[in-house]
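What follows is the residue order along each chain.
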Amino acid sequence: MSASTVTLIAIETSSEPASCALLRGGTVTWRESSGVRTHSQAVLPMIQELLAEAGIALADCDAIAYGAGPGSFTGVRTACGIAQGLGFGAGKPLLPVVTLDAMALACHEKHGAADVLAVLDARMNEVYWAQYRIDGGVPVVTQAAALSAPQDVRPSGAPAVCGNGIAAYAEAFGTACAGADTAIVPHAVQVARLGAIALTAGQGVPAAEAQPLYLRNKVAYTKAERAEMNGAAA
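Residues numbered from 1 in each chain as written. Predicted model: local features only at pLDDT ≥ 70, side-chain atom pairs only at ≥ 80, totals over all residues. Heavy atoms only, no water.

(A) Seen up close, the overall build of the chain. Helices and strands together make up the secondary structure of the chain, namely seven helices and nine strands. For a compact globule of 234 residues, the expected C-alpha radius of gyration is about 17 Å, and the chain comes in at 17 Å, within 12% of that figure. In terms of principal-axis extent, the alpha carbons of the chain reach across some 50 × 40 × 30 Å. Buried residues in the chain amount to 49% of all 234 residues. (Helix = DSSP H or I, 4+ residues; strand = E, 2+ residues; numbered from the N terminus. Rg over C-alpha atoms; globule rule 2.2 N^0.38 Å. Buried < 20%, exposed > 50% of the residue type's maximum accessible area, 1.4 Å probe, protein only.)

Okay, here's the thing in structure tokens:
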């Protein structure tokens, strides 16, 4: 199996937009929904639309990819949980994709960047970030994913910068990240493409073993985060 022959569904709910994608024959189709409180309700209808449009069933897919995090605590749990449910039901392997990897790929596809710093808003005056070089169209980590205050982000060299973490803490970053593409957030399109690469490399995992990726272990939540979690549960 090669990446160009893979058929898979991808789910990404780690930030404000929720997105789903179907990769089939090297072509990606996708749907997107905004509003974090509706992520859990929006994902399955989007997947059903994509499959119906393609005239296939979930059973015809090779695997299910999902944005594993880091990102919104509720969001990464939502993506993992839905992927697990689909994987169990259809007997398909799961492909956890790091959200910052997906952002780096998006930056490369949009701008042709060969060296990328991805910065995602982590709330609570912190950001998730990692740095990559692009090798053969694939993001390769050069600085591992980390959680830090904005002023503690320390890129190497002069990478292209992307992510909503820059816009969220513009004052802290100042001119250091001038020209950053702040519109780039994790998306199912890139999760699908990276998932296909992972599948052909034999990196699929059973649904029971799939996990979210947390860089922050929190005891207390902000009022907004509690509302987000309660809305998702409802």
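Anyway, onward from the coordinates.
(B) Region of interest: the pattern of salt bridges. Enumeration over the complete set of coordinates arrives at five salt bridges. The shortest N-O distance in the salt bridge between Arg31 and Glu49 comes to 2.8 Å. In this pair, Arg31 is assigned in strand β3 (residues 27-33) and Glu49 in helix α1 (residues 39-54), connecting sequence segments 18 residues apart. Under the relative-accessibility criterion, Glu49 is labelled partly exposed at 43%. (Salt bridge = Lys/Arg side-chain N within 4 Å of Asp/Glu carboxyl O.)

(C) Inspection of the nonpolar core at higher detail. With 25 residues, the main nonpolar core has Ile9, Ile11, Ile47, Leu51 and Tyr66 as its most contacted residues. Elements represented by at least two residues in this core include exactly β1 (7-12), β2 (18-24), α1, β4 (63-69) and α2 (73-90). Among the elements that line this core, the one with the most residues is α1, at six residues. If sequence neighbours within four positions are ignored, Leu51 has contacts with Ile9, Leu22, Ile56, Ala57, Leu58 and Cys61. Residues Leu95, Val97, Leu194 and Ala196 belong to the second largest nonpolar core, which totals 20 residues. (Core = buried A, V, L, I, M, F, W, Y, C linked by side-chain atoms within 4.5 Å. Contact = heavy atoms within 4.5 Å.)

(D) View of the pairing of strand β8 (residues 138-148). Pairing geometry for strand β7 (residues 127-135) and β8, over eight bridges, is antiparallel. Residue pairing for β8: Gln131 is matched across the bridge by Gln143. Taken together, β7 and the strand that follows it, β8, pair antiparallel across an intervening segment of two residues, in which Gly136 is found at a positive phi of about 65°. (Pairing = 2+ DSSP bridges.)

(E) Quick peek at helix α6 (residues 188-200). Its 13 residues place the ends of α6 18 Å apart at the C-alpha level, agreeing with the 18 Å of an ideal helix rising 1.5 Å per residue. Among the 13 residues in α6, 10 count as buried, and that is most of the element. Along α6, the residues that are buried comprise Ala188, Val189, Gln190, Val191, Ala192, Leu194, Gly195, Ala196, Ala198 and Leu199. Where α6 terminates, the next one or two residues include Gly202, which has phi positive at roughly 75°. (Expected span 1.5 Å × (residues − 1).)

(F) Quick look at the sheet that holds strand β9 (residues 160-162). Taken in spatial order, the four strands of this open sheet run β8-β7-β6-β9, and their pairing is mixed. Among the strands making up the open sheet, the edge pair consists of β8 and β9. Neighbour-to-neighbour, the strand axes of the sheet open up by a mean angle of 20°, direction not taken into account. Contacts between helix α3 (residues 99-111) and the sheet are confined to β6 (115-121), β7, β8 and β9, with β6 contributing the most and set at about 130° to the helix. (Axes fitted to C-alpha atoms, helices over the stretch in contact; angles between N-to-C directions.)

(G) Looking closely at the side chain of Glu12. The topology assignment puts Glu12 in strand β1. Notably, Glu12 is buried but unbridged: the nearest opposite-charge side chain belongs to Arg123, and the N-O separation is 12 Å. At 2.7 Å, the side chain of Glu12 and the side chain of Ser14 are in polar contact. Those residues in contact with Glu12 that sit more than four places away from it in its chain are Pro17, Ala18, Ser19, Gly67, Thr99, Pro186, His187, Ala188 and Val191. (Lys, Arg positive; Asp, Glu negative; His and termini not counted. Polar contact = N/O pair within 3.5 Å; in protein donor to acceptor, adjacent residues only side chain to side chain.)

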